[in-house]
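These are the residues of each chain, in order.
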Amino acid sequence: MKIIDKTPLQDAAGNINIIARVQGTLNYGLSWYGELEAQKAVIAQLDRSLEKGFVLIRNFTLPNSEIIIPIILIGAGGIWVIYVTQVKGQFEAKGDQWNTISNDGKSQPASINLISRVSKLTSAFQKYLKIQKVDMPNPVESVLITANPGAQIESVRPVARIVRSDAIKQFASSLLQARPIWRTDFIHELADRLVDPRPPADLSLVKPPMVEAGQQSVSRAKAIFNASEEVDPFNTTDLGLAVEEVGSQSFQRSMREPSPARPRPNPRPATGRKKLFGLSIAQLMILAGMFLLMLCVLIGAGAFIYFTL
């Protein structure tokens, strides 16, 4: 399986140093780094099970937006948008609801609706596909994977596919058995087209190869790209409600659950903001405060040891 890693703040080797980790926590939330580690574990399992015909795009930021799609998996059978969570406890996935279940069996809405989150991410990504003239024979499927074995889920016709940590291998097997909608050699071309959109003049050169005879009828092997001389540039305003309804996610500091996300206002020109090491003044002040607090703790501990000896 080919992996295209677009995770922000990591170096060429895929590592996140201490400064980048602090910056990521400030930008994307306290659960950001933990979810990245959970992604790695899930991707490793998928990589062991899936064949070379699959391409996985990790943490891809939709152009001209702050929407980050955690995992996009492309195979001969279609495209899957996957959100990996590290939550644990008892949950209920019912339709578009994500509820917590208490010890006495009562359910109530969770503070973050993970079902709604992955569904809205999928909707935003499908809108991006449409803008980029990608004609999908099948809808993009939403998948929520719980990486923590301590997550127990009761599913009642959820709008997104739920995969527990002990069922990732079975999930991969189902993808291998999915009915093909395009040839394998086109998957890599499609992935490159998504992460690096081609100029409008080159779009007409992309030809959708059909699946092999006997695999699928020609009527289902629709053109992946509409023959068009122009491709509209991706813009958040073109997404309409798809962007506004994405909801809060750890990768979007401007979005908070349960309220729908809205484009963040930009009261000051970007050129007027000074940054050091990629951090804004506010972030540097928070980092300095954390450093001073740690220094005080160390001085206090040293003084305690000195006077007690």
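Structure shown above.
Just so we're clear, the structure is a prediction, and the values are computed from it rather than from any experiment.

## Observations concerning the overall build of the chain
Reasoning step 1: Helices and strands together make up the secondary structure of the chain, namely nine helices and 10 strands.
Reasoning step 2: Out of the 309 residues in the chain, the part that is buried amounts to 40%.
Reasoning step 3: For the chain, the share of sequence-separated contacts (at least 6 apart) that also reach a separation of at least 24 residues comes to 66%.
Reasoning step 4: As presented, the chain carries roughly 16,800 Å² of accessible surface, and 56% of it is formed by carbon and sulfur atoms.

## A look at the packing of aromatic side chains
Reasoning step 1: Per the stated rule, a full pass over the model turns up five aromatic pairs.
Reasoning step 2: For the ring pair Y28 and W32, a centre distance of 5.8 Å and an interplane angle of 40° mean the geometry is tilted. In this structure, Y28 and W32 share a single accessibility class: buried.
Reasoning step 3: Members of the aromatic cluster, joined through ring pairs, are Y28, W32 and Y33.
Reasoning step 4: The ring of Y33 has R21 lying over it, and the distance from NZ or CZ to the ring centre is 3.8 Å.

## Brief notes about helix α2 (residues 32-49)
Reasoning step 1: The first and last C-alpha atoms of α2 sit 26 Å apart over 18 residues, in line with the 26 Å expected at 1.5 Å per residue.
Reasoning step 2: Those residues of α2 that sit buried are W32, E35, L36, A38, Q39, V42, I43 and L46. One side of α2 carries all its buried residues, which in axial view fall inside an arc of 160°.

## Observations concerning the environment of K88
Reasoning step 1: If you trace the backbone, K88 turns up in the loop between β4 (78-85) and β5 (89-94).
Reasoning step 2: When the C-alpha positions of K88 and A147 are compared, they lie 8.9 Å apart, and in sequence the two are 59 residues distant.

## A few points about the sheet that holds strand β8 (residues 141-146)
Reasoning step 1: As summarised here, the arrangement of the six strands in space is β1-β2-β3-β4-β8-β10, forming an open sheet in which the pairing is mixed. At either end of the open sheet lies a strand with only one pairing partner, and these are β1 (2-5) and β10 (161-163). Strand-to-strand, the axes of this sheet are offset by a mean angle of 25°, without reference to chain direction.
Reasoning step 2: Where β1 meets strand β2 (residues 55-61), four bridges bridge the pair, whose relative direction is parallel. Opposite D5, over in β2, you have R58 as the bridge partner.
Reasoning step 3: The strands that α2 touches are β1, β2, β3 (68-75), β4 and β8; relative to β2, the one it contacts most, it runs at about 165°.
Reasoning step 4: Sitting on the sheet, helix α3 (residues 114-131) is in contact with β2, β3, β4, β8 and β10, with an inclination near 145° to β4.

## Re helix α5 (residues 185-195)
Along an α-helix, residues three or four positions apart point the same way, because every turn accommodates 3.6 residues.
Reasoning step 1: Residues F186, I187, L190, A191, R193 and L194 constitute the buried set of α5. Across the axial projection of α5, the buried residues extend over an arc of 160°, all falling on one side.

## Looking at the sheet that holds strand β7 (residues 107-109)
Reasoning step 1: Across the sheet, which stays open at both edges, the four strands sit in the order β7-β6-β5-β9 with mixed pairing between neighbours. For this open sheet the edge positions go to β7 and β9 (151-156), each flanked by a neighbour on one side alone. Recorded for the sheet is a direction-independent mean angle of 30° between the axes of neighbouring strands.
Reasoning step 2: In the sheet, β5 pairs with strand β6 (residues 97-101) via four bridges, with the strands oriented antiparallel.

## Overview of the nonpolar core
Reasoning step 1: Ranked by size, the top nonpolar core spans 38 residues in total, and within it I74, I79, W98, F125 and W182 carry the most contacts.
Reasoning step 2: If you list the elements that add at least two residues to this core, you get β2, β3, β4, β5, α3 and α5.
Reasoning step 3: The leading source of residues in this core is α3, at eight residues.
Reasoning step 4: Not counting chain neighbours up to four residues away, the residues in contact with W98 comprise F91, E92, A93, P109, A110, I112, N113, L114, I115, L144, I153 and I162.

Reading guide: rules and limits
- Residues numbered from 1 in each chain as written.
- Predicted model: local features only at pLDDT ≥ 70, side-chain atom pairs only at ≥ 80, totals over all residues.
- Heavy atoms only, no water.
- Helix = DSSP H or I, 4+ residues; strand = E, 2+ residues; numbered from the N terminus.
- Buried < 20%, exposed > 50% of the residue type's maximum accessible area, 1.4 Å probe, protein only.
- Contact = heavy atoms within 4.5 Å.
- Areas by Shrake-Rupley, 256 points an atom, 1.4 Å probe, with all protein chains shown as cover.
- Phe/Tyr/Trp six-rings, centres within 6.5 Å; stacked < 30°, edge-to-face > 60°.
- Lys NZ or Arg CZ within 6 Å of the ring centre and 35° of its normal.
- Expected span 1.5 Å × (residues − 1).
- Arc of directions from axis to C-beta.
- Pairing = 2+ DSSP bridges.
- Axes fitted to C-alpha atoms, helices over the stretch in contact; angles between N-to-C directions.
- Core = buried A, V, L, I, M, F, W, Y, C linked by side-chain atoms within 4.5 Å.

Functional significance is not addressed by these values, which are geometric in nature.
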